[in-house]
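Residue-level listing of the chains:
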Amino acid sequence: MTTIPRKITPMMKIALFAAVLLSVAPVRADAAEVGFSELRITNGDQKPLVIGIWYPTSAPAQDHPLGGYVQTVAPGAPVTGEHLPLIVMSHGNGGTYQNDYDTALALAKAGFVAIAVSHTGDTYDDQSRALYLMDRAQHMHRLIDYMLSEWPDHARIDANRVGMFGFSSGGFTALVAVGGIPDLSLIEAHTRMRPDEYDAQLVKRSGPEVIAMLRSKLPASTWVHDQHIKAAVVAAPALGYTFSPEGLKGIRVPIQLWRAAEDHILPHPDSVEAVRIALPTPPEYHVVENADHFDFLAPCTDMLRRVAPMVCVSRPGFDRAAFHQTFNAEVVRFFKETLKVETGQ
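What this report covers is the structure whose coordinates are included nearby.

Analysis parameters
Each residue is numbered by its place in its chain's sequence as written, counting from 1. Reporting in this predicted model follows two pLDDT cut-offs: at least 70 for local features of residues, and 80 or more for side-chain atom pairs to be given and counted; totals over whole chains, interfaces and linings ignore these cut-offs and use all residues. Only hydrogens and water are set aside; all other atoms, that is, all heavy atoms of the structure, feed into the side-chain values. Only Phe, Tyr and Trp rings are paired, with Trp represented by its six-membered ring, and only when their centres lie within 6.5 Å; those with planes under 30 degrees apart are stacked, over 60 edge-to-face, the remainder tilted. Helix numbers and strand numbers start at the N terminus; a helix is a DSSP run of H or I with at least 4 residues, a strand a run of E with at least 2. Exposure is judged per residue with a 1.4 Å probe applied to protein chains only, and the accessible area is read against the type maximum: over 50% gives exposed, under 20% gives buried, and values in between give partly exposed. Criterion for a charge above a ring: Arg CZ or Lys NZ at most 6 Å from the ring centre, at most 35 degrees from the ring normal. The term disulfide is used for any two cysteine sulfur atoms that are within 2.5 Å. In this analysis, strands are considered paired if DSSP registers two or more bridges between them. For every element, the axis is a line fit to its C-alpha atoms; helices are fit only across the contacting stretch, and the angle between N-to-C directions ranges from 0 to 180 degrees. Should an angle fall under 35 degrees it is taken as roughly parallel, and over 145 as roughly antiparallel, whereas 65 to 115 is taken as roughly perpendicular and any remaining angle as oblique. Less than a right angle of anticlockwise turn of the near helix away from the far helix marks a crossing as left-handed, whereas a clockwise turn marks it as right-handed. Whether two residues are in contact is decided by their heavy atoms: any pair within 4.5 Å suffices. Think of it as three bins: nonpolar holds Ala, Val, Leu, Ile, Met, Phe, Trp, Tyr, Cys and Pro, charged holds Asp, Glu, Lys and Arg, and polar takes everything else, Gly as well. Note on charges: Lys and Arg go in the positive column, Asp and Glu in the negative column, and His and the chain ends are not counted at all. The term salt bridge refers to a side-chain nitrogen of Lys or Arg lying within 4 Å of a carboxyl oxygen of Asp or Glu. We define the nonpolar core as a collection of buried residues of types Ala, Val, Leu, Ile, Met, Phe, Trp, Tyr and Cys that are connected through side-chain atoms lying within 4.5 Å of one another.

As for the packing of aromatic side chains
Now for step 1: A full pass over the atoms with the stated rule returns 17 aromatic pairs.
Now for step 2: On the basis of an interplanar angle of 65° and a centroid distance of 6.1 Å, the ring pair of Phe165 and Phe327 is categorised as edge-to-face. With Phe165 in strand E7 (residues 157–167) and Phe327 in helix H12 (residues 320–338), this pair connects stretches of sequence that are 162 residues apart.
Now for step 3: Ring geometry for Phe296 and Phe323: centres 5.8 Å apart, planes at 70°, overall edge-to-face. Of this pair, Phe296 sits in the loop between strand E10 (284–288) and helix H10 (302–307) while Phe323 sits in helix H12, and the two are 27 residues apart along the sequence. Both residues of the pair, Phe296 and Phe323, belong to the buried class.
Now for step 4: Within the aromatic cluster, the residues linked to one another by ring pairs are Phe165, Phe167, Trp258, Phe296, Phe318, Phe323 and Phe327.
Now for step 5: The ring centre of Tyr132 lies 4.0 Å from the NZ or CZ of Arg129, which sits over that ring.

Let's talk about the state of the cysteines
Now for step 1: Enumeration according to the criterion identifies one disulfide in this entry.
Now for step 2: There is a disulfide in this structure between Cys300 and Cys312, and the S-S distance comes to 2.1 Å. In this structure the cystine formed by Cys300 and Cys312 twists about its S-S bond by roughly -85°; its chirality is therefore left-handed. Here Cys312 lies in helix H11 (residues 309–312) and Cys300 lies in the loop between E10 and H10, a separation of 12 residues in the sequence. Grouping residues by exposure puts Cys300 and Cys312 together as buried.

Observations regarding the sheet that holds E10
Now for step 1: A sheet is described by the order of its strands in space; here 10 strands give the open sequence E3-E4-E1-E2-E6-E5-E7-E8-E9-E10, paired in mixed fashion. Edge strands, defined here as strands with exactly one partner in the open sheet, are strand E3 (62–66) and E10. In this sheet, adjacent strand axes meet at a mean angle of 30° when their direction is disregarded.
Now for step 2: In this structure, strand E1 (residues 33–43) lies alongside strand E4 (residues 69–75), joined through two bridges in parallel fashion. Within E4, the position partnered with Gly35 by the bridge is Ala74.

Brief notes about the packing of helix H2 (residues 101–109) against H12
Now for step 1: With their axes 9 Å apart at the nearest point, H2 and H12 run at an angle of 50° to one another. When the axis of H2 is compared with that of H12, the two are oblique. Crossing of H2 against H12: the hand is right-handed. On H12, the residues touching Asp102, Thr103, Ala106 and Leu107 of H2 are His324, Phe327, Asn328, Val331, Val332 and Phe335.
Now for step 2: Among the residues forming the contact of H2 with H12, the class breakdown is six nonpolar, three polar and one charged.

Remarks on the side chain of Asp100
Now for step 1: Position of Asp100 among the secondary structure elements: in the loop between strand E5 (84–90) and H2.
Now for step 2: There is no salt bridge for the buried Asp100, and the closest opposite charge comes from Arg320, which lies 8.9 Å off by N-O distance.
Now for step 3: Those residues in contact with Asp100 that sit more than four places away from it in its chain are Met89, His91, Phe165, Phe167, Phe296 and Leu297.

Notes on the nonpolar core
Now for step 1: The biggest cluster of nonpolar side chains holds 111 residues, and the ones touching the most others in it are Trp54, Phe296 and Phe335.
Now for step 2: If one sorts the elements of this core by residue count, helix H3 (residues 134–149) sits on top with seven residues.
Now for step 3: If near-sequence neighbours (up to four positions away) are discounted, Phe335 is found in contact with Ile87, Leu107, Phe112, Gly163, Met164, Phe165, Ala231, Ala232, Val233, Lys340 and Val341.

Quick notes on the environment of His64
Now for step 1: Positionally, His64 belongs in strand E3.
Now for step 2: Its relative accessible area of 25% is what places His64 among the partly exposed residues.
Now for step 3: Distance in space between the C-alpha atoms of His64 and Val176 is 34 Å, their sequence separation being 112 residues.
Now for step 4: The residues contacting His64, other than those within four sequence positions of it, are Tyr69, Val70, Gln71, Val73 and Pro75.

In structure tokens:
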């Protein structure tokens, strides 16, 4: 069993490096390229949320840095299309909105608007609320509200076709956002039994206030759901064991569930398998042979391989770049089918 560093998470390594570097309606998105914007939006009396938005455009695109990555986009270009479906995206613990940028690009190329958020309190530079997991679904609700009512091009979005993508802690977030209610009081006992696992390390770094919160039985109203979300892709969801059949009975949307067969961060069967069993309707289930946890993240650049090998190095024989071609295509297909998006866009 691999023990993670106690002071800095693998996702924090990526983002620290990045910070240094700087009804059915047709989708009319006759766009060959992807536009991109990074914004900061208000979030009540909390810190503003940093978000990235990818969308179809007909403007020419070029290579641009995105932290430690490089993406081919047209920054600030006009949006192309009407009745566009929307996908909101949630990253893993200690990450940023950038971590699944390649999946967002694939969605935008297929005619979707994709928006990802950096979860304040659970990013590379701020872990102060990493276990206050109820914040995350509230952030997603705020994103959807912003995109449907405040974004300058909100009239181009079809409010009836909203989906969600989440990886790791973002997968947990997606389950909550579509109706799940976890029991965080199960975390402490689980971490005592498995002290080397990822969640145990998070608990060890937490103060007495967090421990008291985890021991309490939080009311169902703690967890924010959003009825706009009509389908969800859930990749390697963290803390799956906190969801019982009773806790997931409120989920009524189709789920595409992914598991890395050799996941050392979320070992089988306590996370993904626990979710699969507890879901009221069987999900579309994918098990990726020879894959590890971080293989769901965008393929690394050479620079990231040097500074964050734990996150970037896959198991022998596993080709992350090739996998992401399949993974992104399956994510796009699932959302096209479940959100009733015209094919060929």
